[in-house]
Amino acid sequence: MKDCYKILGIAPNASLSEIKHAYREKAKLYHPDSLGDSSKRDEFNDITQAYRVLSDARQRQIFNDSFFHQFREKKQSEESFDYRKWLVERNDDESWAKLIVLDLMRGREDDAVREFIHVNSSRPKFSLKRWYTREDFMDYGYILSEELVIRGEYYDAFLLLEQVILMEYSYEYFRFFFPEVISFTTAILRNNIEGVISDELALDVYERALELRFSKADDAFFLQKMAVIYRRLGDIRTAELIEKMKL
């Protein structure tokens, strides 16, 4: 039995976010299509299988029970430096950004989401992407957007996904995962915006979505929803103009 954790290069106590991040990093390196080398297919298959096992809670437990005879997390000594505590005690944008990602990748997803929403609302100029490389931001941003959606924070999730999509268009990074990003984003736009968030925010989302190069069918859907909202707000003239744009 192969060590799934070793294959992905992560610790046995890795969070789901860390597993996703590691899989994307490894898959980009070993994907046969990106290398043009079919000899790497076995390594890629191992990476994919390891991800399937560790990303499923049931399969991961079975793997842990069968692979590890004694699986225990190493406890940090009380004298060791507590990086998270140090970040929490600071109040600058960089520390907030590092704290959000630290919690996101260390199994404290609730804390990461709460911190992200708090700093976004209290610091208008805060930008998570400012403190990470383009590639890291795209990966962390996507993982954070997934956690935001789980907790019903659809507007903030869309704004992060918008940045990821625009970055992908200007610099290919996700490549093999980009259809997943697009599918995830359009699912939010179709199911979790109109009637879920405020009408004003919903209009903002749909207007932004029209600039993201989705399909014609998707754009027609966004325009239809915008027309419905404008009618509900009493702006019949704008609603009628939008309805003509759909034709």
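This report concerns the structure included in the present document. (Residues numbered from 1 in each chain as written. Predicted model: local features only at pLDDT ≥ 70, side-chain atom pairs only at ≥ 80, totals over all residues. Heavy atoms only, no water.)

**Looking at the overall build of the protein chain**
Now for step 1: Along its length, the protein chain carries 14 helices and zero strands.
Now for step 2: Counting helices and strands in the order they occur from the N terminus, the protein chain gives α-α-α-α-α-α-α-α-α-α-α-α-α-α.
Now for step 3: Split into buried and exposed, the 247 residues of the protein chain put 43% on the buried side.
Now for step 4: The contacts in the protein chain between residues at least 6 apart in sequence include a share of 61% that link residues at least 24 apart. (Helix = DSSP H or I, 4+ residues; strand = E, 2+ residues; numbered from the N terminus. Buried < 20%, exposed > 50% of the residue type's maximum accessible area, 1.4 Å probe, protein only. Contact = heavy atoms within 4.5 Å.)

**Things to note about the packing of aromatic side chains**
Now for step 1: Within this structure, the stated rule accounts for ten aromatic pairs.
Now for step 2: Seen from their ring centres, Tyr-206 and Phe-222 are 5.9 Å apart, and the 25° between their planes marks the pair as stacked. Of the two residues, Tyr-206 sits in helix α12 (residues 199–209) while Phe-222 sits in helix α13 (residues 216–232), which places them 16 residues apart along the sequence. Each member of the pair, Tyr-206 as well as Phe-222, is classed as buried.
Now for step 3: Both rings, one in Phe-214 and one in Phe-222, keep their centres 6.0 Å apart while their planes meet at 75°; by these two values the pair is edge-to-face.
Now for step 4: Note on Phe-222: relative accessible area 0%, which makes it buried.
Now for step 5: In textbook terms, an aromatic cluster arises when at least three aromatic residues are bridged by ring pairs, as seen for Tyr-206, Phe-214, Phe-221 and Phe-222.
Now for step 6: The cationic tip of Lys-98 hangs over the ring face of Tyr-132; the distance from NZ or CZ to the ring centre is 6.0 Å.
Now for step 7: Taking NZ or CZ as reference, Arg-190 lies 4.4 Å from the ring centre of Phe-221, over its face. (Phe/Tyr/Trp six-rings, centres within 6.5 Å; stacked < 30°, edge-to-face > 60°. Lys NZ or Arg CZ within 6 Å of the ring centre and 35° of its normal.)

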